[in-house]
Structures are given as structure tokens and as C-alpha cells.
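Here is what each chain is made of, one letter per residue.
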Amino acid sequence: MEITQQSSDQARPADQRRRELLEAADRVVLRDGPKASMNAIAAEAGITKPILYRHFGDKGGLYRALAKRHTDALLDSLRAALDAPADRRERIEATLDTYLAAIETRPQVYRFLMHPAEDTQQPEPGSPEAGFDVGRHSAPLLRRLGEELAKVIHDRVDLGPDGERLARVWGHGIVGMMHAAGDWWLNERPCSRAELVRSLADLLWGRLAAVPDRAGGPGF
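Visitor: Can you tell me about the overall build of the protein, naming the residues and giving the values?
Guide: When helices and strands are tallied, the protein shows 10 helices and 0 strands. When its helices and strands are written in sequence order, the protein yields α-α-α-α-α-α-α-α-α-α. Scored against the burial criterion, the 220 residues of the protein give a buried share of 40%.

Have a look at this one:
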């Protein structure tokens, strides 16, 4: 069985096979959330776990690949919201709403990326799943979002002579706020998504309302 699977696996182009495996992993994550296991993902893909390890190394490698896949899609959506033909306040609200809609629409994916499975059996020491720490892997995801937002802010608004540093402060601060508020909201649902968007936009609006657009930039 292993030989047949390996031959079939090698017959496909590597990027196509990797995409198929990530799609299988997505299906398992949508079903199982943080409890998604390498065994379940391999079974969904119709392969053995050693073949899955050959493509991703361990659960951390698979996690990073899924995180990049979903972060790329989220960043595309956030950029579209920022580029929408609307005034600045509307674009800020649209950007916040885009992030919250993403975690609301696929909460199991969000929880897989951001929360460990607390009630699953621990893997054997030395196995490719041993030592997996979701916090160690999720922090780079948030940092990437923060840096991407910082670049958008720096490119679009004039923050003065120390603008690049301040843009990074704002970018990481806004991402931290969205993450913390969204995590709490997704768990407790204390208000509607629209109410949360308005409240967060109110919190951000003071300085963002006053800062001028960067000359020659796309505007914010």
C-alpha cells in the first residue's frame, strides 16, 4: 500500500500535490478545529502519515503552510477593503469588519491557528507531533499581519519624520487590538459584529481622522 501511494504521490507535480494536501487539511480543520490531527489529515488525503510528513516535516510545518495560505487570503481581503472607493472612516470600518467576518465565517480554522486543543492526547516523545506549541507558531502570523498593516499605513499617511517607526507601532497595535477583541467577541458574542466594528473604529478614529494623507500616495 505504501509503495502504491508513494508512486501515485510522486507522479503529481509537487506544487499541485502540496495544494491538494492543504485542501485536505482544510477540510479536516473545518470539521475538527484545534483537534485536527496528522492521522485525520492523512486519512482525508488518502495517504499514510509518513507521506504527509515527507511533504511538511511535522505538524509545525503543516501549520505554517496552512497559516500562510489563510493569512495570504486574509491580507488580500484587507487590502481590498483599504482600497475600496469610500471615505477614510468607511474604509477603517470595512477593514475591521473584513477581519471579524473572516474569523466568524471559519471559526474552526481560526481556533486551529490560534488555540491549542486542550483535551487531546499528547503525542509520544520524539514523534513529529511532539512539542507542538501553537503559541510559538501563531505569534509570527500576528507579527506578519502587523508588519503588513504598518507598511500600508506608512505608504498612505504622513506621520512626520519618524513616520516609519510610528507606522509600525500603529500596525502592530491595531492588529493586537483586532486579535484580542475578535477572540473575546467570537467566544462570548456580547454584541453584534457591526456594533463591535463601530466601537473599535471609534477607538481608532481620533488620530487617524486628523493625520494627512502622504503626498503622492494612494490615500487612506
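Visitor: Account for the nonpolar core, with residues named and values stated.
Guide: Burial of nonpolar side chains together is a common tendency in soluble globular proteins. In terms of nonpolar packing, the biggest core is built from 60 residues, with Leu52, Leu62, Leu96, Tyr99, Leu113, Ile153 and Leu159 touching the most fellow members. With 10 residues, helix 9 (residues 163-188) is the largest single contributor of residues to this core.

Visitor: Outline helix 3 (residues 38-45), supporting the account with residue identities and numerical values.
Guide: Inspection of helix 3 places Met38, Ile41, Ala42 and Ala45 among the buried residues, and these make up the whole buried set. The buried residues of helix 3 occupy one face: seen down the axis, they fall within an arc of 100°. The elements touched by buried residues of helix 3 are helix 2 (14-32), helix 4 (49-56) and helix 5 (59-82).

Visitor: Could you give an account of the pattern of salt bridges, naming the residues involved and the relevant values?
Guide: Summed over the entire model, instances satisfying the criterion amount to 18 salt bridges. Between Glu20 and Arg17 there is a salt bridge, with the nearest N and O atoms lying 3.1 Å from each other. In this pair, Glu20 and Arg17 both sit in helix 2, 3 residues apart, roughly one turn of the helix. Residue classification places Glu20 among the partly exposed residues on the basis of a relative accessible area of 25%. Sharing partners across several salt bridges, the network here consists of Arg27, Arg31, Asp32 and Glu44.

Visitor: Give me the lowdown on helix 2, citing residues and values where you can.
Guide: For helix 2, built from 19 residues, the straight-helix expectation of 27 Å at 1.5 Å per residue is met to within 8% by its first-to-last C-alpha distance of 26 Å. Three or more residues of helix 2 are buried, namely Arg17, Leu21, Leu22, Ala24, Ala25, Asp26, Val28 and Val29. Positioned one or two residues after helix 2, Gly33 has a phi angle of 60°, which is positive.

Visitor: Describe the packing of helix 2 against helix 3, listing the residues and the values that go with them.
Guide: At a minimum axis distance of 9 Å, the contact between helix 2 and helix 3 shows a crossing angle of 120°. The pairing of helix 2 with helix 3 is recorded here as oblique in orientation. With respect to the hand of their crossing, helix 2 and helix 3 are arranged in right-handed fashion. Here Arg17, Leu21, Ala24, Ala25, Arg27, Val28, Arg31 and Asp32 of helix 2 come into contact with helix 3, specifically with Ala40, Ile41, Glu44 and Ala45. Taken together, the residues of the contact of helix 2 with helix 3 sort by class into 7 nonpolar, no polar and 5 charged.

Visitor: How would you sum up the side chain of Asp26? Please name residues and give values.
Guide: Along the chain, Asp26 turns up in helix 2. Judged by relative accessible area, which is 7%, Asp26 ranks as buried. Those residues within four positions of Asp26 in sequence are excluded, and the remaining contacts are Leu66, Arg69, His70 and Arg106.

Visitor: Let's hear about the packing of aromatic side chains: which residues, and what values?
Guide: Tallying each qualifying case throughout the model produces 1 aromatic pair. With a centroid separation of 5.9 Å and an interplanar angle of 35°, the aromatic rings of Tyr63 and Phe112 are classed as tilted. In this pair, Tyr63 is assigned in helix 5 and Phe112 in helix 7 (residues 107-114), connecting sequence segments 49 residues apart. We classify Tyr63 as buried; its relative accessible area is 1%. Geometry around Trp205 places Arg89 over its ring, the cationic atom sitting 5.7 Å from the centre.

Visitor: Lay out the packing of helix 6 (residues 88-105) against helix 9 with the relevant residues and their values.
Guide: Interaxial distance between helix 6 and helix 9 falls to 10 Å at its minimum, and their mutual angle equals 45°. On the basis of the axis angle, helix 6 is oblique to helix 9. For the pair helix 6 and helix 9, the sense of crossing is right-handed. The residues of helix 9 that touch helix 6, namely those facing Leu96, Tyr99, Leu100, Ile103 and Glu104, are Met177, Met178, His179, Gly182, Trp185 and Leu186. A breakdown of the residues in the contact of helix 6 with helix 9 according to their chemical character gives 8 nonpolar, 2 polar and 1 charged.

Procedures and definitions
Residues numbered from 1 in each chain as written. Predicted model: local features only at pLDDT ≥ 70, side-chain atom pairs only at ≥ 80, totals over all residues. Heavy atoms only, no water. Helix = DSSP H or I, 4+ residues; strand = E, 2+ residues; numbered from the N terminus. Buried < 20%, exposed > 50% of the residue type's maximum accessible area, 1.4 Å probe, protein only. Core = buried A, V, L, I, M, F, W, Y, C linked by side-chain atoms within 4.5 Å. Arc of directions from axis to C-beta. Contact = heavy atoms within 4.5 Å. Salt bridge = Lys/Arg side-chain N within 4 Å of Asp/Glu carboxyl O. Expected span 1.5 Å × (residues − 1). Axes fitted to C-alpha atoms, helices over the stretch in contact; angles between N-to-C directions. Parallel < 35°, antiparallel > 145°, perpendicular 65-115°, else oblique. Left-handed = near helix turned anticlockwise from the far one by under 90°. Nonpolar A, V, L, I, M, F, W, Y, C, P; charged D, E, K, R; others polar. Phe/Tyr/Trp six-rings, centres within 6.5 Å; stacked < 30°, edge-to-face > 60°. Lys NZ or Arg CZ within 6 Å of the ring centre and 35° of its normal.

Everything listed here is a matter of coordinates, which is why it stays silent on function.
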